[in-house]
Structures are given as structure tokens and as C-alpha cells.
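# Coordinate inspection notes
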There are 2 protein chains.
Amino acid sequence: MVFTIQNALVLTDQGYKTLDVQVEADRITAIGVNLPIAGDTIDGQNKLLLPGFVNAHTHSPEFWQRGRIPPLPLELWLFELYSPKLLQSEQIYLSALGTAVETLLSGGTTIVDHLLLLPGRERETIDAAVRAYQQVGIRAFVAPLVHDQSLPTSLPSNGTAPDPQRQTKAVLDLLEEAILMHHCPDRGINLVISPTGLQLCSDVLVQKGVELSERYQLCRHTHLLETRAQQILAQEKYGCSAVEHLKRLEFLGPHTSLAHCVWLDDAEIDILAATGATVVHNPLSNLRLGSGIAPILKFRQAGVNVCFGCDGSASNDAQDVLEAIKIGTILHNITDSDYRHWITPHEAVQMASIGGAKGLGLEQQMGCIAIGQKADFVLYDLTSLSLLPQTDPVGLLVLGRPTQAVDSVWVNGQRIVADGKIQTVDVTMLKQELLRYSQPPQQYSTTSVVDVEQHYRSVMGLST
Amino acid sequence: MVFTIQNALVLTDQGYKTLDVQVEADRITAIGVNLPIAGDTIDGQNKLLLPGFVNAHTHSPEFWQRGRIPPLPLELWLFELYSPKLLQSEQIYLSALGTAVETLLSGGTTIVDHLLLLPGRERETIDAAVRAYQQVGIRAFVAPLVHDQSLPTSLPSNGTAPDPQRQTKAVLDLLEEAILMHHCPDRGINLVISPTGLQLCSDVLVQKGVELSERYQLCRHTHLLETRAQQILAQEKYGCSAVEHLKRLEFLGPHTSLAHCVWLDDAEIDILAATGATVVHNPLSNLRLGSGIAPILKFRQAGVNVCFGCDGSASNDAQDVLEAIKIGTILHNITDSDYRHWITPHEAVQMASIGGAKGLGLEQQMGCIAIGQKADFVLYDLTSLSLLPQTDPVGLLVLGRPTQAVDSVWVNGQRIVADGKIQTVDVTMLKQELLRYSQPPQQYSTTSVVDVEQHYRSVMGLST
């Protein structure tokens, strides 16, 4: 399959250029002015061609709970998250489809799904999500969310975890089974070793996870210091910082990405820089859950790679990558009065594309429009009202609120969005299924976790 | 004209109810289950009916510069804003249309346009904006942005303003002329007395403005303490706080709305509460310009009325009211660790609707779905992918990222959006005109205001 995009606006080191881009199979093979036509042609006039973004942290099953959970901090929010009745595995498939569709229509071509597993049906959950991503054609990093300790022990001063040995082995067996079954980078499906976070995992699980990732050459991913409570817990549990502990367990490295990273001190930032790990910034869930502002400008100054994630739909509650990029860019302007440190829209686009690729060990393969790179890219319609008038298209894409702006998306050389429409999913059918599984509209306004709430308020120093 | 919306989801004190809503002329005349049909019927099934929101602070001409200005604090950003070549008055008309269209398609039915005036063509500017709003049919509060001092004097420690007497009189004459020509609440066009802000206005201008507003029963509006530099300047200029000074000038009152209010201390908050003035929260521009986080939770606790604005498109850079509501809601969760103070989505909707109405003295007329209220409301399509699955529709509307979710909009009983399409503007033509006036795409990345920048860095204590 060969095709040529003609006369698209491309961002180069010398500014915007109108160029042709040629693709053979899954790679960009030529870029230039007036290339000889090969294969199908696609009109790029009044369109902007950018590398695809990475939605570098989400939890697709949370799609079922978006809009539902009232304003609560993470620790109490989690108890709400786990309280409703269990999903069916068909719903896992549907929520992965929905997550992928929203990601694609906001400029994402790659997704990291830190996948909540249905208890007792863990393999079924992974299979259902993989099936959805294969159907959609988005590049997927399926990261099963695994732990071997229980939720109450994730709160500070709430007792120690029981010995998890049996559960640890079951988790590791599950992961190896899923890897052997599904991991296939050439087909766009990648498994990831992804413990939930230190607060719910034994050291053995983390270490054995690292071994698995080395054996199968997989990326690693985890939650890290999303809340102040977790910072307190790390000191209680390890007598050292969480990052120091992860380093000792050899979890950190250039193919490791870490979601949130809100509560790191300078010494921890230096460790991230030294190990080459990537921070995934989830600005919207960090605000919604009151977690805080991750010190993104400091990370960048220390040379830590940063990219963006939407986080799960129960804590955001949308999978709009451009929204995460916008807020994750402008939010930091209030943390440093020297505007020379602020992130520009053009830097934000690089963070979202090449920064995301780097966190997955793919910076040689994707993240820019260049010969030899994977054809994972997005064509934006510059005649969309939301991108008019034309000024600095990247400036408006990042700082505006693009709607119906994505014209086409290619992943691995396959066009999976054309004329603003997903080609691989029947979206009408998807909407019907989402409606069919919906509950009657209801206002949720209180927390149902009274005893946990009391403990939380007490350890966090809130009036009781 | 009579019509009945049947079986729409309506939010009541007892939660969501499926109801019929009947309108005669410009008012809601009946609400109930299975109302006898009168006039045209509109199918409200799987749709949510909410009162229209107020986009309570914007500057429509900035539409021409959206995406263009690099990350800079307000004081330097302003010099960029005023640097490009002047607009034509046809462009003022087009940017007001664009601002109104984006407002309507994100749930807004009322707009407060703090209108930048073209130098030497002030009346022409006002006329062009009014023409646009009359055509669209949105409820408009046209608030000419007037001052009688020059931009450099708005920086702290930058000399005093020359005597502005002649200019003051010219400004006041202009305002009175515009009021007599255009102010007509029944037709949905309201003039507002709206000095730019203390930093650019003489006391005489503010006081005479108050007199004008009393004489013609107009609302008052101004920028207030958007940045730390303005807080410093107020002390330099008046030897007291800005709010104290505005109170002495009798500018504050129940029909006064104040954009930004980022840098207020507790005593100033108490004055706002006592005078009944309204705060317009512009969370997105406050982030983009690095101004800070307005103390919205404190305002609410003190009993100050708060609503939302998008601010002008050069500092946001979009007119999506739902985006302003979302970020203006979740942003404050990081300012108070006690989640019981956080704004719920249902409260946010009230702030955006009845809060907005109150700031314009219209809380008896609009802001809820109730008999006798103006028919200014919005029907959201709950089968939009972005509002699925159905959980708590208001929760998802506020915390999600609604796209193509607005089905219909009525203002003053007139349906100006139907099936997601604006009925009163040819949007294809509007886009062509916006494209026609566009410059070639260009990356803007540096500030052009070297000497001002040096002074700014010095007074703000930034390294030079």
C-alpha cells in the first residue's frame, strides 16, 4: 500500500512548510515539494500534518463510571470506583472502543491502557481490551493493573498487608500467559509490566515484574506519588522515598513510564533524570482529585522526559488528548513567575508526540514527520471553525479548543479515521450499546465510604 | 409563538425528572408530566434541558489573534495584543459572530463582550458587534472597553498618567451615544458601563461612568486585580487596596461584575460580599497568562456570587463555556485539602446559569427552568458519544469533554440552534470570511517588546 499526502502544512525546524509526504506500507518513505505521485493521493491543502500523540496513561474500564463519582480525593474516590456492580467482559470491550475512539478523534495514535482487571476474570478482561484495540487499529500498550495487596493497606497508618505470596504468583502467571498470547509489536499490540503502585504491591511482585519485562523486552509502567498520602505511606513502608525504593528494585529505566509524579522532591527528580524514566503528566485528574500540580517545569529543567495522559474516565472524565495537552501546558504558568520557563505550544506538541514515543522506547520509530518513521500521524482540518482564523496553527491547536478538527488518522500506515469519521468501528452501534448498558440518570453526591472517610480525615489532618 | 418540549430530562430539587416544558412567546408558561400539547412539539427524549449559561467575560475582537500570542504574563501579552495591524470593522462583525457561535454551541445563551474598540473608529466597532449579536440572536451585554490613560502607565513604577480630561469627556460622550442608539433589553441588546480597569482609568472616568449607569439603569463591569502587578500598582496609585478604592468610587453593587479577582485579600473579599458584586472567574486565561488561581472557594464561603467567563480568545484561546466551567470547577480542588469545600458539578451548573444571571441583575428572569422565566435554555443530546454512558448527565457534562452535545438552543423563546446547527448564521460563509482575512501560518515565539520587558522583569523581581 502506497499513498501520498499532497500539499499538507508540516512543521519543520524552519517553520511551517507546505510539503508532500509519501508512505509505503507502514513507513514514511519520502518528504518534499511536488513529489512524483505514487499510489493514492490525499489532498492536504488547508490541513496540518502532525505526528500522532500518545495518550500515555488511561484506564479504559473507567469509561463506565464517567460523570458518576463526586468530588473526592484519590483515596476516597478509589473506594467509590470499586463499589458499583461488576462489569461484564463485553463492557470491557466497549469501553476500550470508546476510549480508543475519543483518543483518535483528539489526535492520539497510541494508547497506554493501565487496565483494571475484573476479579476472577482477569484474562477475559485483557482479551476483551486487546480485541477492541485490534479492531480499532490504534497502537496499544495494554498494561494490566496488578497488585497483590488490598485497598485498605494503601492508606497511611492503616495496618500492614498480609503475606501475599500466593496472590503474587497468580499475578505473575497471568502476566506471562497474557504476554505469550498477545504481545506482538508488529501488529500494534504491546503488553506492559505495570504494577498498580508501591502502595498496593509487594517488593517481590515489583522485582519479578522487572524480570519478566527484561525477559520479554517489555516496557514498564506504574502510578507514582499521585497524592500526599502516598508520600507519607512510602516513608512509613520503606523509610525512604518512593523513587529511591523503586530505584533499588531496579524498576526505573529508559522504557519505564510513571503516571502522575506530583509529590517528588528534588532528589527524586534527579533519580528520574539519571535513570532516563519518563513522567506521564495527567493534569486533569490531578485537579479533579485535588492531588496537586506535578512539578513539570522542574522535570523539564532537570532533563526528565515528560508526556501527557488523560487518565481514566472516572477521574477526568474524557479521553480528549488535546484537552490534556492544553491544560498540562498552561497549568504550570502559575507555578513559576518567570515566563521564560513556560511551555510553548510547539514544545507541548513535541512532548505529546516524541516525548510519548520515548517513554515507550519508540523514539526511533515514531513521534516526528521524517523519512523512515512509522506512518502514525494525524491530518487536522484548518478550516474547522475552531482552528480559524489561521494564525499559528499549532498555537491554536494547543491553546484553543479544537472540535471536529481531526480529519484523518493513520496508524502503522493504515487510515483509521477519514473525513472525521472512524473507519473501523460502527460508532452508531457503539453508542447504542453504551446506552443499553446505562443506568437511569442519577445524581451522585455523597460518599458511601463512611468508615474509610473517618480514617482518611484523621490521617490527613482534616476536621472530623 | 407557542411550543412544547416533550419528555426532556430536567434537573429538579428532587433529582432528574422527565418533564414537558411549554413556552409562549419569550417565557416558560408550564412544566409538568404529559402537558396538553400546545403549538409545535419538540422531542426531548434522551435529551437534557438546562438553563443557558452566561459567558460572563470575553473580548470578541481577540478572536483574530487566537493561537498567536506566545506564553507571556498579562502585562507583556497586552503589548503583543496591541501590536498587529488594525482590524477592519467588518472583522469586528465576524469575530463577534464567531464568539457567539462558539458560545452557543457550548451551552451559552448570554454573552458579556468587554469590547476592545478600534482607535478612532469606536462607534463603528460597537455598531459592528451589535449587528452581529442581533443577527445571531444571542442575549448580548455589549461592554465597551474604555479608559483614558495609556498602556505604559499600567505597569507599576512606570511614571504617572498625563491629565486625561479631554479623553475622559470623549469616552463618556461615546458611551452615552452608544446607549441611546443600541440599549434595548427587550430585544436582547444591553449596553454596559465597563472601564478597562483601575490601572488604565482616571477616578473621574469611573465616577462619571457610575453616574451614567445609574441614569440609564445599566450593569457595570470591569477587570479587577488580574495580576500581582496590578495589586502592587493599586497600592502605589491609591495607598489602599483596589477594592477599597472601587468602593469609594461607588462602582460596586449588585449589578456590578468583576472579571478575574485573582489577587484579593480577605478584607477585599468581605467588601465584595457586602456590596453584592459578582466575580467572573476566567480560569483558562488566568492559567495561560500565569496570573494565578482566583480564590473561588473563599469567595463562595464568604457569600460572594461567582460565575464563569471564557475571556478573550487571545488569552484562552477558545469560547467554549463548558471548558471554562470544567476547569473553573476542578482547579480549586488543589487549593483546599478538605474536599467538602470542593465545587460539585451541580453547583457549577448553577454558578454558570443563575450565578451569571445574578451578575447581570437578571436572576428573576433567567437562570433556571421555572414557570415565568425567560425561555433561554439548551437541550443537550444525551446520545452524543461524549455524554455516554448515561450516569449523572450533569456530572459528565461538567467533568467530561462534551463534543457535538448541544442539540438546540433557545434565547428569548427563539430557537437559534437546531440539530446542532446555528440557524441564524451561515457558518460556511463565516469560515470562508475568517480564512480570507487570515495571514499565512506562522510560528510566533518571541516577544517584540524588549524595553517594556526589561522594566517588567525589574519591577517583578525576575532575573534580567
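Residues numbered from 1 in each chain as written. Chains lettered and ligands numbered in written order. Predicted model: local features only at pLDDT ≥ 70, side-chain atom pairs only at ≥ 80, totals over all residues. Heavy atoms only, no water.

Before going further, it helps to spend a moment on the overall build of chain A. In terms of regular secondary structure, chain A is built from 15 helices and 17 strands. In terms of overall dimensions, chain A is globule-like: its C-alpha atoms have a radius of gyration of 22 Å, near the 23 Å expected for 464 residues. By its C-alpha atoms, chain A is 70 × 50 × 50 Å across when sized along the principal axes. Within chain A, buried positions represent 65% of all 464 residues. Considering only contacts within chain A whose residues lie at least 6 apart along the sequence, 75% involve residues at least 24 apart. Put simply, chain A shows about 16,100 Å² of open surface, and 48% of that area lies on carbon and sulfur atoms. For chain A, the distance from the average site of its 33 positive side-chain charges to the average site of its 49 negative ones is 2 Å. (Helix = DSSP H or I, 4+ residues; strand = E, 2+ residues; numbered from the N terminus. Rg over C-alpha atoms; globule rule 2.2 N^0.38 Å. Buried < 20%, exposed > 50% of the residue type's maximum accessible area, 1.4 Å probe, protein only. Contact = heavy atoms within 4.5 Å. Areas by Shrake-Rupley, 256 points an atom, 1.4 Å probe, with all protein chains shown as cover. Lys, Arg positive; Asp, Glu negative; His and termini not counted. Charge placed at Lys NZ, Arg CZ, Asp CG, Glu CD.)

Before going further, it helps to spend a moment on the side chain of B:Glu226. Residue and element names in this part refer to chain B. Topologically, Glu-226 is positioned in the loop between strand S10 (219-224) and helix H6 (228-238). For the buried Glu-226, which has no salt bridge, the nearest side chain bearing the opposite charge is Arg-288, at an N-O separation of 10 Å. A distance of 3.3 Å separates the side chain of Glu-226 from the side chain of His-260, its partner in a polar contact. Non-local contacts of Glu-226, meaning those with residues more than four positions away in its chain, are made with Leu-74, His-260, Val-262, Trp-263, Asn-286, Leu-289, Ser-291 and Asp-311. (Salt bridge = Lys/Arg side-chain N within 4 Å of Asp/Glu carboxyl O. Polar contact = N/O pair within 3.5 Å; in protein donor to acceptor, adjacent residues only side chain to side chain.)

In this section: unusual backbone geometry. Excluding glycine, a negative phi dihedral is what most residues carry, and trans is how most peptide bonds are arranged. All names here are of chain A. Asn-316 connects to Asp-317 through a cis peptide bond whose omega is 15 degrees. By the element assignment, Asp-317 lies in the loop between strand S13 (305-308) and helix H11 (321-330). Although it is not a glycine, His-260 sits at a positive phi angle of roughly 90 degrees. Of note, His-260 is situated in strand S11 (residues 256-260). On the accessibility criterion, His-260 (0% relative accessible area) is buried. The phi dihedral of Asp-311 is positive, around 65 degrees, even though this residue is not glycine. Along the chain, Asp-311 turns up in the loop between S13 and H11.

This paragraph deals with the relation of the copies chain B and chain A. Of the transformation superimposing chain B on chain A, the axial component is 0.0 Å and the angular component is 180 degrees, with the fit at an RMSD of 0.0 Å. The two molecules are tied by a two-fold rotation axis, judged by turn and shift. Residues of chain B ranked by C-alpha distance from the rotation axis are headed by B:Thr403, positioned 3.4 Å from it. (Least-squares fit on C-alpha atoms with pLDDT ≥ 70 in both.)

It is worth spelling out the interface of chain B and chain A at this point. By convention, interface size is frequently given as the accessible area that disappears when the constituent parts associate. On the side of chain A, 77 residues touch chain B, which itself brings 77 residues to the contact. Across the chain B/chain A interface, buried area totals approximately 6,400 Å², and carbon plus sulfur atoms make up 64% of it. When the buried surface of chain B facing chain A is broken down by residue, B:Tyr339, B:Leu385 and B:Thr391 rank first, second and third, together holding 11% of it. For the interface between chain B and chain A, the tally reads 8 salt bridges. (Buried area = accessible area lost by both parts, 1.4 Å probe.)

In this section: the packing of aromatic side chains. One pass over the full model with this rule turns up 10 aromatic pairs over all chains. Judged by centre distance (6.3 Å) and plane angle (55 degrees), the ring pair of A:Tyr339 and B:Tyr456 falls under tilted. Residue A:Tyr339 is located in the loop between H11 and helix H12 (345-359), and its partner B:Tyr456 is located in helix H15 (residues 450-459); the two belong to separate chains. B:Tyr456 matches A:Tyr339 in its accessibility class, with the two residues each being buried. Where B:Trp64 meets B:Tyr437, the ring centres are 5.6 Å apart and the plane angle is 75 degrees; that geometry is what we call edge-to-face. Note that B:Trp64 is positioned in the loop between strand S6 (53-58) and helix H1 (74-81) and B:Tyr437 in the loop between helix H14 (427-436) and H15, a separation of 373 residues in sequence. The same class applies to B:Trp64 as to B:Tyr437, namely buried. A:Arg131 extends its terminal NZ or CZ atom over the ring of A:Tyr93, reaching a point 4.0 Å from the ring centre. (Phe/Tyr/Trp six-rings, centres within 6.5 Å; stacked < 30°, edge-to-face > 60°. Lys NZ or Arg CZ within 6 Å of the ring centre and 35° of its normal.)

Moving on: the sheet that holds S6(B). All names here are of chain B. Here 8 strands make up an open sheet; going across it, the order is S6-S7-S8-S9-S10-S11-S12-S13 and the pairing parallel. Looking at the sheet topology across the chains shown, the edges are occupied by S6 and strand S13 (305-308). Here the average twist between neighbouring strands, direction ignored, is 25 degrees. As paired strands, strand S9 (residues 189-193) and S10 are joined by 2 bridges and run parallel to one another. Along S10, the bridge assignment pairs Val-192 with Cys-219. (Pairing = 2+ DSSP bridges. Axes fitted to C-alpha atoms, helices over the stretch in contact; angles between N-to-C directions.)

Time to look at the nonpolar core. Residues A:Leu272, B:Leu272 and B:Phe299 are the most contacted members of the largest nonpolar core, which totals 268 residues. Once residues lying within four places of it in the same chain are set aside, the contact partners of B:Leu272 are B:Val243, B:Leu252, B:Leu258, B:Cys261, B:Leu264, B:Ala277, B:Val279, B:Phe299 and B:Val304. (Core = buried A, V, L, I, M, F, W, Y, C linked by side-chain atoms within 4.5 Å.)

The next thing to look at is helix H5 (residues 203-215) of chain B. Residue and element names in this part refer to chain B. An ideal rise of 1.5 Å per residue puts 18 Å on 13 residues; H5 measures up with 18 Å between its terminal C-alpha atoms. Looking at H5, one finds that the buried residues are Leu-205, Val-206, Gly-209, Val-210, Leu-212 and Ser-213. For H5, the angular spread of the buried residues around the axis is 160 degrees, confining them to a single face. Among the structural elements, helix H4 (165-182), S9 and S10 are those in contact with the buried residues of H5. Immediately beyond the C-terminal end of H5, within one or two residues, lies Gln-217, with a positive phi of roughly 50 degrees. (Expected span 1.5 Å × (residues − 1). Arc of directions from axis to C-beta.)

Residues and elements named next belong to chain B. Mapped onto the fold, Lys-374 is located in the loop between helix H12 (345-359) and strand S14 (377-381). If sequence neighbours within four positions are ignored, Lys-374 has contacts with Asp-26, Arg-27, Ile-28, Arg-139, Gln-365, Met-366 and Asn-412. Within polar-contact distance, the side chain of Lys-374 engages the side chain of Asp-26 at 2.9 Å.

What follows covers the domain arrangement of chain A. All names here are of chain A. As assigned here, chain A comprises domain 1 (2-50 + 370-422) and domain 2 (51-359). The C-alpha-based centres of domain 1 and domain 2 are spaced at 29 Å. Counting from both sides, the interface comprises 26 residues of domain 1 and, opposite them, 27 residues of domain 2. Summed over both sides, the interface of domain 1 with domain 2 buries roughly 2,100 Å², with 66% coming from carbon and sulfur. Taken as a group, Leu-50, Val-398 and Ile-422 account for 26% of the area that domain 1 buries against domain 2, more than any other trio of residues on that side. The tally of links from domain 1 across to domain 2 stands at 2 salt bridges. The partner of Arg-139 in a salt bridge is Asp-376, with the nearest N and O atoms 2.7 Å apart. The interface formed by domain 1 and domain 2 holds 7 residue pairs in polar contact (both at pLDDT 80 or more) in total. (Domains from an automatic or database assignment.)

In this section: the sheet that holds strand S8 (residues 139-144) of chain A. All names here are of chain A. The 8 strands lie next to each other as S6-S7-S8-S9-S10-S11-S12-S13, forming an open sheet whose pairing is parallel. Edge positions in the sheet fall to strand S6 (53-58) and S13, since each has one partner strand and no second. Across the sheet, the mean angle separating the axes of adjacent strands is 25 degrees when strand polarity is ignored. Relative to S8, strand S7 (residues 108-115) runs parallel, the two being bridged by 6 bridges. Each residue of the ladder has a partner; that of Thr-110, found in S8, is Arg-139. Along the sheet, helix H2 (residues 89-104) makes contact with S6 and S7, crossing S7 at roughly 145 degrees. Strands S6, S11, strand S12 (278-281) and S13 of the sheet are contacted by H12, whose axis makes an angle of about 105 degrees with S13.

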